Every structure is written in C-alpha cells, then in structure tokens.
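Close look at the chain arrangement
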Amino acid sequence: MKEVFDSHTHVSFPALASDLEGVLMRARESGVKMIDVGTTYETSLKVLETARKNPGEVYACVGFHPSHVSEINWHHDKNEQASAEKEIFNRENFLQLAKEKEVVAIGEFGLDYFRLPKDSEVAYAKGSGGPKEEQKKVFKEMWAVAEEVGKPKMLHLRPSKGSDDAYSDTLELIKDLPNTTEKISHFFVGSLDVAKKMLEVGFNFTFGGVITFVRDYDEVIKMLPMENILFETDAPYVTPEPMRGKVNEPVNVLYVAKKIAEIRGVDYDELISQVRSNVKRIFGI
C-alpha cells in the first residue's frame, strides 16, 4: 500500500474530533497520513495534542487564519472553534508552539478578502488601516515565526470574487521579507497567470476536493511541475466526488489524487510517489 499524504486537514476541529478514532482508523487502513492544521491558538493546541498522540500518522501545523484577525469579518464556526470567544493574535504564543518537534509547518495564515464587506476599508475605524492591513500585519508576524524556526509556511490565500487580489498582494508583500523556507499556497483557486508568477518565486500548491467537481483549475494543474503539487482535503470542508453531501475526512484525499492523475494524464502510482517525495522535501517528513 502506497503512502498518501493529506497535506492540509483539520481532524482536531469539533466537526471531526467526536469521531477522531474512526477518522484516523479509516485513514490508516488506506495508507493516508496527514498534516493537521490550526487556525487559532486554541485549535493549534488541539492539533499539537493530536499529533503527539498519533506519532508518524498525524503532524501538526500551527497558525492564525486571516479571517480571525479583524472584528469586521470574524465569525464563530461551530465546526471549527469550541469557544465562541474571539481570540486576539499573540505572536509569542505561536513562536513557542512552532518550536515543538511535532510541528512541521507554520499556518494557516495569509490573506482572505472573500468575506470582507464591500467598502470595508473605507468604513473601518480611522487609524487601523482597515481589515486588509490588519491581515497583512499578522501575515508578516507569522511569516517571521516560520523564518525564525526554519519551517515551511502554509498560506491561506483567498481572493475576492473574480479576482486574484489576495495572491497579487501576497507576491508584493513577500518581496521585502526574508524568504528561506518552503511556501505552500493551500487550496489554490487563482488564475493560470498568477499561478505562473507564484511558481517563479518558489511556491508549492495544494489542491482539494473542488477539483473533482469543477474544471476551473485543470489548466493550472496541467501547467505546474509535479514537484510543486500536493494533495489536501481541507476536511471537514469541501468533500470531493463521489462523497459529496457527507462530512469530509482525510481518507477522501485518495479521490483528489486520482483526479489529479486523470487531469495530468499520468500514472497514479507515479504521481503518488512524486508527491510523497514532495512532502519529504517540503515538510521534512
């Protein structure tokens, strides 16, 4: 049985934690290992705990999701957060977590413009710089944490509808930042043009369940070198075909892998082996 990696999942979220043993058993039986990703300090503590209890099967990634940065677009997702209280970002907390041996990447952090209300930059309180600037500030702090501990960066980049703005802003932002560790654009949904620009500066790309039921990203998947591709589920969200309608979980990464092999017209086992090598290079696993 070939080992397949789900490079971005959330098995410690409440939506999956109630059946965590079953989720992990189904993954184990199918040869699936995973990187469990935090989105707040609370959830990052949970993923670290899960990784410690399941060595060699679950690895931790600790971070602060951009949608939790600003009051203007923060919301409580019961599938994600046990507590309904908004967290305040604390760089030192994440720096300490980032040093733990079970932590293989820093994230998810980044820029998310998708849910920002229209004209939010204008309407926001004077002196704050607006929610986009707040996100950029935390972006730089988390980027610095990754650089300090020498671990890869798991970036959540979600543009406003019909735009590449979050990707373009990221490319501009990182020009002036130290850039010594691997970079992953998780759940890439940008254009072919911006994918080429990101590839030029060393990004890797994960693709999830959406590629099994829309054809929007086929050309990007075909264009990218196999060395820069990773699989993910983003479970419990975005369940792939043929499991749509059910809660997503890491074992479903196999459907994503099969679809990428189909889109690229490559041998499935060859793709699995290459992506396994990518995981080793990027995360040191």
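My aim in this report is to walk through the structure given alongside it, one point at a time. (Residues numbered from 1 in each chain as written. Predicted model: local features only at pLDDT ≥ 70, side-chain atom pairs only at ≥ 80, totals over all residues. Heavy atoms only, no water.)

1. Details of helix α4 (residues 91-98)
Given 3.6 residues to a turn, an α-helix orients residues that are three or four positions apart in the same direction. All buried positions along α4 are accounted for by Phe-94, Leu-95, Leu-97 and Ala-98. Projection of α4 onto a plane perpendicular to its axis shows the buried side chains occupying an angular sector of 165°, all on one side. For α4, the secondary structure elements touched by its buried residues are α3 (41-53), β3 (58-62), β4 (103-112) and α6 (130-149). Of the residues that open α4, the one with a side-chain oxygen 3.0 Å from the backbone nitrogen of Glu-92 is Asn-90. (Buried < 20%, exposed > 50% of the residue type's maximum accessible area, 1.4 Å probe, protein only. Helix = DSSP H or I, 4+ residues; strand = E, 2+ residues; numbered from the N terminus. Arc of directions from axis to C-beta. Contact = heavy atoms within 4.5 Å. Polar contact = N/O pair within 3.5 Å; in protein donor to acceptor, adjacent residues only side chain to side chain.)

2. Focus on the environment of Glu-141
For Glu-141, the position within the fold is in helix α6. Placed 47 residues apart in sequence, Glu-141 and Phe-94 show a C-alpha to C-alpha distance of 9.7 Å. In this view, Glu-141 contacts Phe-89 and Arg-91; residues no more than four positions away in its chain are not counted.

3. A closer look at the side chain of Lys-153
Considering the arrangement of structural elements, one finds Lys-153 in strand β5 (residues 153-158). Looking at Lys-153, the relative accessible area reads 0%, which means it is buried. A polar contact of 2.6 Å, which involves the side chain of Lys-153, links it to the side chain of Thr-181. For Lys-153, the residues in contact, after removing those within four places along its chain, are Ile-106, Phe-109, Trp-143, Ala-146, Glu-147, Asn-179, Thr-180, Thr-181, Glu-182, Lys-183 and Ile-184.

4. Observations concerning the pairing of strand β2 (residues 32-37)
Within β2, five of the six residues are buried, which leaves it mostly tucked inside the rest of the structure. As paired elements, β2 and β3 share four bridges and run parallel to each other. The partner of Ile-35 across the bridge, within β3, is Tyr-59. Following the backbone out of β2, through α3 and into the adjacent parallel β3, one traces a crossover that is right-handed. (Pairing = 2+ DSSP bridges. Right-handed = clockwise from strand over helix to strand, strands pointing away.)

5. Some thoughts on the packing of aromatic side chains
What describes a pair of aromatic rings is the distance from one ring centre to the other and the angle between the planes of the rings. According to the stated counting rule, one finds ten aromatic pairs in the structure shown. Ring centres of Phe-64 and Phe-94 lie 6.0 Å apart, and the angle between their planes is 75°; on these two criteria the pair is classed as edge-to-face. Of this pair, Phe-64 sits in the loop between β3 and α4 while Phe-94 sits in helix α4, and the two are 30 residues apart along the sequence. Between the aromatic rings of Tyr-167 and Phe-188, the centroid separation amounts to 4.9 Å while the plane-to-plane angle is 50°, which identifies the pairing as tilted. (Phe/Tyr/Trp six-rings, centres within 6.5 Å; stacked < 30°, edge-to-face > 60°.)

6. Points about the sheet that holds strand β8 (residues 229-231)
Spatial ordering of the open sheet is given by β1-β2-β3-β4-β5-β6-β7-β8, a layout of eight strands whose pairing is parallel. Two strands bound the open sheet, and with one partner strand each, they are β1 (4-9) and β8. Strand-to-strand twist in this sheet, taken as the mean axis angle between neighbours without regard to direction, amounts to 30°. Lying on the sheet, helix α8 (residues 192-200) is in contact with β5, β6 (183-186) and β7 (203-207); it crosses β7 at an angle near 135°. (Axes fitted to C-alpha atoms, helices over the stretch in contact; angles between N-to-C directions.)

7. What to know about α8
Looking at α8, one finds that the buried residues are Val-194, Ala-195 and Met-198. Relative to the axis of α8, the buried residues are bounded by an arc of 105° and lie together on one face. Those residues of α8 hidden inside the fold are in contact with β5, α7 (165-173), β6, β7 and α9 (218-223). Looking one or two residues past α8, Gly-202 carries a phi angle of roughly 90°, positive in sign.

8. A short note on unusual backbone geometry
Note that the residue after Ala-235, namely Pro-236, is joined by a cis bond; omega there is 15°. Position of Pro-236 relative to the elements: it lies in the loop between β8 and α10 (253-264). Cis geometry marks the peptide bond from Glu-241 to Pro-242; its omega dihedral reads 10°. On the secondary structure map, Pro-242 appears in the loop between β8 and α10. Phi is positive for Phe-187, close to 50°, though the residue is something other than glycine. Summarising the element assignment, Phe-187 is placed in the loop between β6 and α8. Phe-187 sits in the buried class, given a relative accessible area of 14%. Phi is positive for Val-238, close to 50°, though the residue is something other than glycine. Tracing the backbone through its elements, the reader meets Val-238 in the loop between β8 and α10. Take Val-238: its relative accessible area is 30%, and that puts it in the partly exposed class.

9. So, the environment of Phe-5
Position of Phe-5 among the secondary structure elements: in strand β1. Look at Phe-5 and you get buried, because its relative accessible area is 2%. A sequence separation of 71 residues divides Phe-5 from His-76, and the C-alpha atoms of the two residues are 29 Å apart. Not counting chain neighbours up to four residues away, the residues in contact with Phe-5 comprise Lys-33, Met-34, Ile-35, Tyr-59, Phe-231, Val-253, Arg-276, Val-279 and Ile-285.

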